[in-house]
Amino acid sequence: MLHIRRYSTADHDDIWRLHLLVIAAAGVEPTHQHYHDIFHIDEQYLSSGGEFLVGTNRHGTVIAMGGLKKLDYETAEIKRLRVHPDFQRRGYGQQLLSRLEDTAAELGLRRIYLDALTNQLGAKRLFLNNGYAHKGASVIDGFWVNVYEKSLHGAG
């Protein structure tokens, strides 16, 4: 079972460790500077009108996370959607994605973007199964990623 709640500054070390574990499993050098937003969750996500969620197991250990970064009054990006490798394929990514989409709809947003490394096939499956359209591949900060977009019907 996954308990989902809003990020607290007390979660910082746990989400950083989770992030490093997941990106290392995807073959990304953990020292890459692209991930600066994780050190500024309040400014990058929460105070700008977005959201950042953590998922914990029954022992209170952070095993999942994801952020909704508001880009403008109708668009957001889902970022840092991560599930600990030992807990993947249990529906936790789906639960977080659904909660972030619900939050976006409540905020009146109309469009969500997200991306995933081209080798993250589980993420690709998750996004396509949830109605995201593959918009193509792109290089972001030196990494090949697939970019996805979804319109939120009935929003705003």
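Residues numbered from 1 in each chain as written. Predicted model: local features only at pLDDT ≥ 70, side-chain atom pairs only at ≥ 80, totals over all residues. Heavy atoms only, no water.

Account for the overall build of the chain, naming residues and giving values.
Looking only at helices and strands, one finds four helices and seven strands in the chain. In the chain, the order of α-helices and β-strands from amino to carboxyl end is β-α-α-β-β-β-α-β-α-β-β. Taking 2.2 N^0.38 as the reference for a compact globule, 156 residues should give roughly 15 Å; the C-alpha atoms of the chain span a radius of gyration of 15 Å, in line with that estimate. On the principal axes, the C-alpha backbone points of the chain span a range of 35 × 30 × 30 Å. The 156 residues of the chain split such that 47% are buried. A sequence separation of at least 24 residues applies to 61% of the contacts in the chain between residues at least 6 apart. Accessible surface, the chain: about 8200 Å² in total, of which carbon and sulfur atoms supply 49%. Taken together, the 18 basic and 18 acidic charged side chains of the chain have centroids lying 6 Å from each other. (Helix = DSSP H or I, 4+ residues; strand = E, 2+ residues; numbered from the N terminus. Rg over C-alpha atoms; globule rule 2.2 N^0.38 Å. Buried < 20%, exposed > 50% of the residue type's maximum accessible area, 1.4 Å probe, protein only. Contact = heavy atoms within 4.5 Å. Areas by Shrake-Rupley, 256 points an atom, 1.4 Å probe, with all protein chains shown as cover. Lys, Arg positive; Asp, Glu negative; His and termini not counted. Charge placed at Lys NZ, Arg CZ, Asp CG, Glu CD.)

Quick one: what's the story with the layout of surface pockets, residue by residue and with numbers?
Considered as a void within the structure, the largest pocket measures approximately 950 Å³ in volume. Residue lining of the largest pocket: 37 residues in total, with Val22, Leu81, Gln120, Gly122 and Ala123 positioned closest to the centre. For the lining of the largest pocket, the secondary-structure elements that each account for two or more residues are helix H1 (12–25), strand E4 (75–83), helix H3 (92–106), strand E5 (111–117), helix H4 (121–129) and strand E7 (143–151). Classifying every residue of the lining of the largest pocket gives 20 nonpolar, nine polar and eight charged. (1 Å grid on protein atoms, 1.4 Å probe; cavity = no way out; pocket = protein on both sides within 12 Å on 5 of 7 lines; lining within 4 Å. Points joined across faces, edges and corners; volume = space filled by probe spheres on them. Nonpolar A, V, L, I, M, F, W, Y, C, P; charged D, E, K, R; others polar.)

Mind laying out the pattern of salt bridges, listing which residues take part and the relevant values?
Summed over the entire model, instances satisfying the criterion amount to nine salt bridges. Residue Arg6 pairs with Glu51 through a salt bridge whose shortest N-O separation is 2.7 Å. Here Arg6, found in strand E1 (residues 3–6), pairs with Glu51, found in strand E2 (residues 51–56); they are 45 residues apart in sequence, far enough to count as distant. Classification of Glu51 by relative accessible area gives buried; the value is 12%. In this structure, Glu149 and Lys135 form a salt bridge, with 3.8 Å as the shortest nitrogen-oxygen distance. (Salt bridge = Lys/Arg side-chain N within 4 Å of Asp/Glu carboxyl O.)

Could you give an account of the packing of aromatic side chains, with specific residues and numbers?
Using the criterion set out here, one finds five aromatic pairs in the structure. Seen in terms of ring centroids, Tyr7 and Phe52 are 5.8 Å apart; in terms of plane orientation they differ by 80°. Their pairing is edge-to-face. Of this pair, Tyr7 sits in the loop between E1 and H1 while Phe52 sits in strand E2, and the two are 45 residues apart along the sequence. Classification of Tyr7 by relative accessible area gives buried; the value is 9%. Taken together, the aromatic side chains of Tyr7, Tyr45 and Phe52 make up a single cluster linked through ring pairs. (Phe/Tyr/Trp six-rings, centres within 6.5 Å; stacked < 30°, edge-to-face > 60°.)

None of this, on its own, says anything about what the molecule does.
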